[in-house]
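# Results of the structural survey
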Amino acid sequence: MMKFLCSLILLTTAALADTQTDIEYAKVGETSLKLDLHRPQGENPPLIVYVHGGGWRAGSKKDVPIADLYDKGFAIASVDYRLSTQAVFPAQVHDIKAAIRFLRANAGVFHINASKIAIIGSSAGGHLAALVGVSNGNKELEGSIGEQLDQSSDVQVIVSYYGASNLETILSQSTPKGLDFRIPALKLLLGDTPDKKPELAKLASPVTHLDKNDPPLLLIHGDADPQMPPQQSQELAKAYESLGLPVTLIMLPGSLHGGAEFYDDERTALVAKFLDKVLR
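This is a predicted model, so every value here is computed, not measured.

Turning our attention to the overall build of the chain. Scanning the chain from N- to C-terminus turns up 10 helices and eight strands. Against the compact-globule benchmark of 19 Å for 280 residues, the chain has a radius of gyration of 17 Å, which places it among compact chains. Counting only C-alpha atoms and orienting by the principal axes, one finds that the chain spans roughly 50 × 45 × 40 Å. Put simply, the chain has 280 residues, and 53% of those count as buried. Pairs at least 24 apart in sequence give 76% of the contacts found in the chain among residues at least 6 apart. Per element, the accessible surface of the chain, about 11900 Å² overall, is 53% carbon and sulfur. Charged side chains in the chain number 26 positive and 32 negative. The centres of these two groups are separated by 1 Å.

Have a look at this one:
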């Protein structure tokens, strides 16, 4: 097992060898917001903005489980954002949108194609990715972080791995194990539980922001996930379908909250094909 883990770490490191780390994309007070840019060979590769998970209160841009998409010719900007231990929602979305504007403004500097951008996230990052993706132009979520406010924060395609979609229903759908994790996490994110912060919970729910201009969406979720209810992805898929929007929902039988099967060769090829339709 240890040999396998070491090999996996070395493979991931090699896959992301061409990397610029700790690029400051904005500042909030004395807090420096940074991203890592992993850029493959070739001129102006299409760009993925990756949002890490960690229950909104932990995690790091160093965790890039979608690293194999780099080998498919995609640049990956892995973004750090203010965690819920630092700032309540919607600070996280404001930061990610600032990163997208920064990358668009500096596409020529970094030799990336930012005319069309994919956003991908896992777990809490999946929730934030979906929310950023479907809230184009929302003034409350756009924020005023960064120096590139003249740039668009729009994205053209979304992939959410086992993320939340409706903070107004998530607790009623949760298992007892899920509640043990989810309630403290939501209290940090929103300042209290969703029933005590209903307007903020609604603002933080991707399903409440949909319109017919929203980008194509791919959802990947384990049907035995004890931590993030699979109904969350099903709910967002159904809402997309009701508007006639392009959506693909993949439920992995027996899979829990994350795991190697979500990022294996089969899923990587599927995600790459999904992105290619929009980005290339």
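Okay, back to it.
Between the first and last C-alpha of helix α7 (residues 176-190) there are 21 Å, a value that for 15 residues agrees with the 21 Å anticipated at 1.5 Å per step. A bend of about 30° at R182 is the largest found in α7, and the proline P184 appears one to four places after it. Those residues of α7 not exposed but buried are G178, R182, A185, L186, L189 and L190. In this structure, the buried residues of α7 make contact with α2 (91-105), α6 (170-173) and α8 (198-203). At the C-terminal side of α7, G191 shows a positive phi close to 100°.

To continue, consider helix α10 (residues 265-279). For the α-helix, the turn length of 3.6 residues means that residues three or four positions removed from each other point alike. With 15 residues, α10 should cover 21 Å at 1.5 Å per step; its first-to-last C-alpha distance of 20 Å lies within 8% of that length. Along α10, the positions that sit buried rather than exposed are R267, T268, V271, A272, F274, L275, V278 and L279. With its buried residues spanning 165° around the axis, α10 presents them on a single face. Residues of α10 that are exposed and angled more than 90 degrees away from the buried face: D265, E266, K273 and K277. In the core, the buried residues of α10 are packed alongside β3 (46-51), β5 (113-122), β6 (157-161), β7 (217-222) and β8 (247-252).

With respect to the helices, strands and loops of the structure, E142 is situated in helix α5 (residues 139-142). Side-chain polar atoms of E142 contact the side chain of S153, separated by 2.6 Å. Residues in contact with E142, not counting those within four places in the same chain, are H94, K97, R101, G137 and S153.

A few words on the nonpolar core. Of all hydrophobic cores here, the largest spans 60 residues; its most connected members are Y25, L35, L47, F89, I119 and L167. Not counting the four nearest positions on each side in its chain, L167 is found in contact with W56, H127, L186, L189, L190, P194, A201, A204 and S205. Within the second largest apolar cluster, 26 residues are counted, among which are I76, Y162, L218 and Y263.

Now for the environment of K202. As for its position among the elements, K202 is in helix α8. Remark: the alpha-carbon pair of K202 and V155, spanning 47 residues in sequence, is separated by 21 Å. Other than its neighbours up to four places away in sequence, K202 contacts E168, T208 and H209.

Pairs can form between side chains of opposite charge whenever their charged atoms are close. Applying the stated criterion to the full structure yields eight salt bridges. Among the ionic pairs, R82 bridges to D95, the shortest N-O distance being 2.8 Å. Taken together, the positions of R82 in the loop between β4 (75-79) and α2 and D95 in helix α2 put the pair 13 residues apart, joining distant regions of the chain. With a closest N to O distance of 3.7 Å, E142 and K97 form a salt bridge. Taken together, the residues E142 in helix α5 and K97 in helix α2 connect sequence positions 45 residues apart. Judged on exposure class, the residue E142 and its partner K97 are both buried.

Quick look at the packing of aromatic side chains now. Taken as a whole and judged by the stated rule, the model has four aromatic pairs. Clustering of aromatic rings is evident, with ring pairs tying together Y161, Y162, F262 and Y263. Directly above the aromatic system of F181 lies the positively charged group of R57, at a separation of 5.0 Å from the ring centroid.

As a further point, take the packing of α2 against helix α4 (residues 124-134). In the contact formed by α2 and α4, the axes pass within 10 Å of each other and the chain directions differ by 65°. Remark: the crossing between α2 and α4 carries right-handed chirality. Contacts between α2 and α4 involve Q92, V93, I96, K97 and I100 on the former and, on the latter, L128, L131 and V132. A per-class count over the contact of α2 with α4 returns six nonpolar, one polar and one charged.

Definitions and limits used
Residues numbered from 1 in each chain as written. Predicted model: local features only at pLDDT ≥ 70, side-chain atom pairs only at ≥ 80, totals over all residues. Heavy atoms only, no water. Helix = DSSP H or I, 4+ residues; strand = E, 2+ residues; numbered from the N terminus. Rg over C-alpha atoms; globule rule 2.2 N^0.38 Å. Buried < 20%, exposed > 50% of the residue type's maximum accessible area, 1.4 Å probe, protein only. Contact = heavy atoms within 4.5 Å. Areas by Shrake-Rupley, 256 points an atom, 1.4 Å probe, with all protein chains shown as cover. Lys, Arg positive; Asp, Glu negative; His and termini not counted. Charge placed at Lys NZ, Arg CZ, Asp CG, Glu CD. Expected span 1.5 Å × (residues − 1). Bend = angle between axes of the 7 residues up to and from the residue. Arc of directions from axis to C-beta. Polar contact = N/O pair within 3.5 Å; in protein donor to acceptor, adjacent residues only side chain to side chain. Core = buried A, V, L, I, M, F, W, Y, C linked by side-chain atoms within 4.5 Å. Salt bridge = Lys/Arg side-chain N within 4 Å of Asp/Glu carboxyl O. Phe/Tyr/Trp six-rings, centres within 6.5 Å; stacked < 30°, edge-to-face > 60°. Lys NZ or Arg CZ within 6 Å of the ring centre and 35° of its normal. Axes fitted to C-alpha atoms, helices over the stretch in contact; angles between N-to-C directions. Left-handed = near helix turned anticlockwise from the far one by under 90°. Nonpolar A, V, L, I, M, F, W, Y, C, P; charged D, E, K, R; others polar.

By themselves, these are just geometric observations and shouldn't be taken as functional.
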